[in-house]
Amino acid sequence: MISMEDLQAAIAQRVSTYNNKDFVLQKRAVQTRALLESRNQILARDITSPFAIPRQHISAMDGYGIAQGSDLSQETRIEIVGESQAGRPYEGKLAAGQGVRLFTGAVVPDDCDTVIMQENTNFAVIKGSIDKSKPYSITLSQDAKPAQNIRQQGEEIASGEVVLKAGKRLNPTDISLLANLGFAEVEVFQPLTVGLIATGDELVAIGNELSHLAQIYNSNTPTLKSMLAHLPVTVQDYGIIPDNLAQTTTAINEAMQTCDVLISTAGVSVGDYDFLTTVIEDLGQINHYKVAMKPGKPFVFGELTQNLDKPVLYFGLPGNPLSTVVGALQFVIPALWQLSGARLQEQPTPLMLKACLTNNVKKSAGRKDFQRGIVTQTGVGEYEVECFTSQQSHRIKQLSRANCFVVLDKDSGNVAAGSTVIVQPFPWLQQ
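Owing to the predicted nature of the structure, the values given are computational and were not obtained by experimental measurement. (Residues numbered from 1 in each chain as written. Predicted model: local features only at pLDDT ≥ 70, side-chain atom pairs only at ≥ 80, totals over all residues. Heavy atoms only, no water.)

### Examining the packing of helix H4 (residues 220-228) against helix H7 (residues 321-339)
H7 packs onto H4 with a crossing angle of 35° between their chain directions and a minimal axis gap of 11 Å. Seen along the crossing, H4 lies across H7 with a hand that is right-handed. Each of Asn220, Thr223, Leu224, Met227 and Leu228 in H4 lies in contact with H7, whose residues at this interface are Pro321, Thr324, Val325, Ala328, Leu329, Ile333 and Leu336. A breakdown of the residues in the contact of H4 with H7 according to their chemical character gives 9 nonpolar, 3 polar and no charged. (Axes fitted to C-alpha atoms, helices over the stretch in contact; angles between N-to-C directions. Helix = DSSP H or I, 4+ residues; strand = E, 2+ residues; numbered from the N terminus. Left-handed = near helix turned anticlockwise from the far one by under 90°. Contact = heavy atoms within 4.5 Å. Nonpolar A, V, L, I, M, F, W, Y, C, P; charged D, E, K, R; others polar.)

### Things to note about the sheet that holds strand S20 (residues 312-317)
With mixed pairing, the 6 strands of this open sheet are ordered in space as S15-S12-S16-S20-S19-S17. Only two strands of the sheet have a single partner each, and these edge strands are strand S15 (233-241) and strand S17 (284-289). Here the average twist between neighbouring strands, direction ignored, is 20°. Two elements, strand S12 (residues 192-199) and strand S16 (residues 261-265), share 5 bridges in a ladder whose sense is parallel. Looking at the pairing, Val194 lines up with Val261 of S16. Together, S12, S16, S17, strand S19 (300-304) and S20 form the strand contacts of helix H6 (residues 276-283), whose direction differs from that of S17 by roughly 130°. Along the sheet face, H7 touches S12, S16 and S20 and points at about 165° away from the line of S20. (Pairing = 2+ DSSP bridges.)

### Thoughts on the packing of aromatic side chains
For the structure shown, the criterion picks out 8 aromatic pairs. With 5.9 Å between their ring centres and 80° between their planes, Tyr18 and Phe23 make a pair best called edge-to-face. For the pair Tyr18 and Phe23, a shared accessibility class is recorded, and that class is buried. Centroid distance Phe370 to Phe405: 5.9 Å. Interplanar angle 85°. Geometry classified as edge-to-face. Residue Phe370 is located in strand S22 (residues 368-379), and its partner Phe405 is located in strand S24 (residues 404-408); the two are separated by 35 residues in the primary sequence. You can call Phe370 buried: its relative accessible area is 1%. On the basis of relative accessible area, Phe405 is assigned to the buried category, the value being 0%. Linked through ring pairs, Phe299, Phe301, Phe315 and Phe331 together constitute an aromatic cluster. (Phe/Tyr/Trp six-rings, centres within 6.5 Å; stacked < 30°, edge-to-face > 60°. Buried < 20%, exposed > 50% of the residue type's maximum accessible area, 1.4 Å probe, protein only.)

### So, the sheet that holds strand S7 (residues 112-117)
The strand order across the open sheet built from 5 strands is S7-S4-S6-S5-S8, with neighbouring strands paired in mixed fashion. Whereas interior strands pair on both sides, the edge strands pair on one side only; in this sheet they are S7 and strand S8 (136-139). Pairwise comparison of adjacent strand axes, ignoring direction, gives a mean angle of 40° for this sheet. Two elements, strand S5 (residues 77-84) and S8, share 4 bridges in a ladder whose sense is antiparallel.

### Some words on the nonpolar core
With 48 residues, the main nonpolar core has Ile11, Leu228, Ile263, Phe299, Phe315 and Phe405 as its most contacted residues. The leading source of residues in this core is H7, at 12 residues. In this structure Ile263 touches Val194, Gly195, Leu196, Ile197, Leu224, Leu228, Phe315, Leu317 and Val332, once residues within four positions along its chain are discounted. Of all hydrophobic cores here, the second largest spans 18 residues; its members include Ile252, Val300, Leu308 and Tyr314. (Core = buried A, V, L, I, M, F, W, Y, C linked by side-chain atoms within 4.5 Å.)

### Notes on the side chain of Gln347
Following the sequence through the fold, Gln347 ends up in the loop between H7 and strand S21 (353-357). Classification of Gln347 by relative accessible area gives buried; the value is 17%. If we skip the residues at most four places from it in the chain, Gln347 touches Trp337, Gln338 and Ala342.

### So, the side chain of Arg28
Along the chain, the position of Arg28 falls in the loop between helix H1 (4-22) and strand S1 (30-34). The buried charged residue Arg28 lacks any salt bridge, with Asp260 as its nearest oppositely charged partner at 7.1 Å. Among the polar contacts made by the side chain of Arg28, one reaches the main-chain carbonyl oxygen of Phe23 at a distance of 3.0 Å. Ignoring sequence-local partners within four residues, the contact set of Arg28 consists of Tyr18, Asn19, Phe23, Phe189, Leu192, Leu339 and Ser340. (Lys, Arg positive; Asp, Glu negative; His and termini not counted. Salt bridge = Lys/Arg side-chain N within 4 Å of Asp/Glu carboxyl O. Polar contact = N/O pair within 3.5 Å; in protein donor to acceptor, adjacent residues only side chain to side chain.)

### A short note on helix H3 (residues 172-180)
Looking only at H3, the buried set comprises Asp174, Ile175 and Leu178. All buried residues of H3 fall inside an arc of 100° around its axis, so they share one side. Those residues of H3 that are exposed and angled more than 90 degrees off the buried face are Thr173 and Asn180. Check the buried side of H3 and you find it contacts strand S2 (47-48), strand S10 (162-164) and strand S11 (185-189). (Arc of directions from axis to C-beta.)

### As for the packing of helix H5 (residues 245-255) against H6
Two elements in contact, H5 and H6, have axes whose closest approach is 10 Å; the angle formed by their N-to-C orientations is 50°. With respect to H6, the axis of H5 lies oblique. The element H5 and its partner H6 pack so that their crossing is right-handed. Contacts from Leu245, Thr248, Thr249, Ile252 and Asn253 of H5 reach H6 at Leu276, Thr278, Val279, Ile280 and Leu283. The residue inventory of the contact of H5 with H6, partitioned by class, reads 6 nonpolar, 4 polar and no charged. (Parallel < 35°, antiparallel > 145°, perpendicular 65-115°, else oblique.)

### Section: unusual backbone geometry
What you tend to see is this: most non-glycine residues have negative phi, and most peptide bonds are trans. For the bond from Ile53 to Pro54, the omega torsion is -5°, close enough to zero to count as cis. You can see Pro54 is positioned in the loop between S2 and strand S3 (58-59). A cis amide bond, omega -5°, links Lys294 with the succeeding residue Pro295. Mapped onto the secondary structure, Pro295 falls in the loop between strand S18 (293-294) and S19. You will see that Lys290, though not glycine, has its phi angle at about 80°, which is positive. Its location among the elements puts Lys290 in the loop between S17 and S18. Residue class for Lys290 comes out partly exposed when judged on its relative accessible area of 29%.

Here it is, written out as structure tokens:
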């Protein structure tokens, strides 16, 4: 069996080749998205600023803009001949010894070279007697230096500067930046089509009735749809495939014609009615099979190639709901972010924390173990975690109660209460 880390590296390497050879990023289809619909989409073109930020010299605070050549020493009197508000600049000209009242965010007149905070004047004393319709005088209560309290034109962003590069995964702060620059829409990579297939005679789609006790609902497809909802992909549900070789072959062959990535659940073990590995080998190849982790050992990474212009990458997840969640988090979702064109630093990495274990945990050496637990923050940067006593992978209520996986190294045995362990909080709790 391949280790989890080696499998992650192998998938990342194959995807890198795929993005640079089999389905070249630079040649992928691009679509225009409304800015407010672009979150988590992957930017396909560099964004350059159409203008400088700030667009003009801006006052950093409430105060007075003083004309160039004025005396800025304490006790100097300045004649105030107007004011500049945010959105309403002062239009007149100033001479030495004159100034204008300024408010935070207001345009500083071109012939002003410094802004005096109103707290550094006698403003508080004369405030009640000021008639803004006429010039009035203020007195500086301390010395000032030129160029103080002014945000210079273009000091943050120059006109024509590249502010976001292709491959950026757009987040709310990027949307803020683009909105400040006036972009109502952006060009992003067209989402990949990800196909989902569930297999098993026992499965029934939710919304239908269970007709006998041997049937169960297909929970894996809804689970995966939910887990992939925030990714820049389009999900195509190809339904439930019965345990039949011919029907499995037909279904996989049809799905691979229309999707970029295919994900199946169940049918990848070694049972008499598990046909998926046979079909994948007939229509493509299996790159890796079985990984040293628990749950989720029967995991398949391969590709479908028969009569295709480009390979369709394939992920075969076990049918157990917990194994599906673990495999999707550790292998599938990272690969999809990479496939979507997100630069390395833009690909979400699982949050890992150190926590104090509050109860004894049983584990056998040999496989990396993902045990369900509840992690609690006990202080700044301090956590404790309780593992559930029973860790059978079929316990779906327990998975719903948990808020994290306790990740135990493959060589580890039993772990005693009080030990420091690695915890992986469920990402949907942070999204």
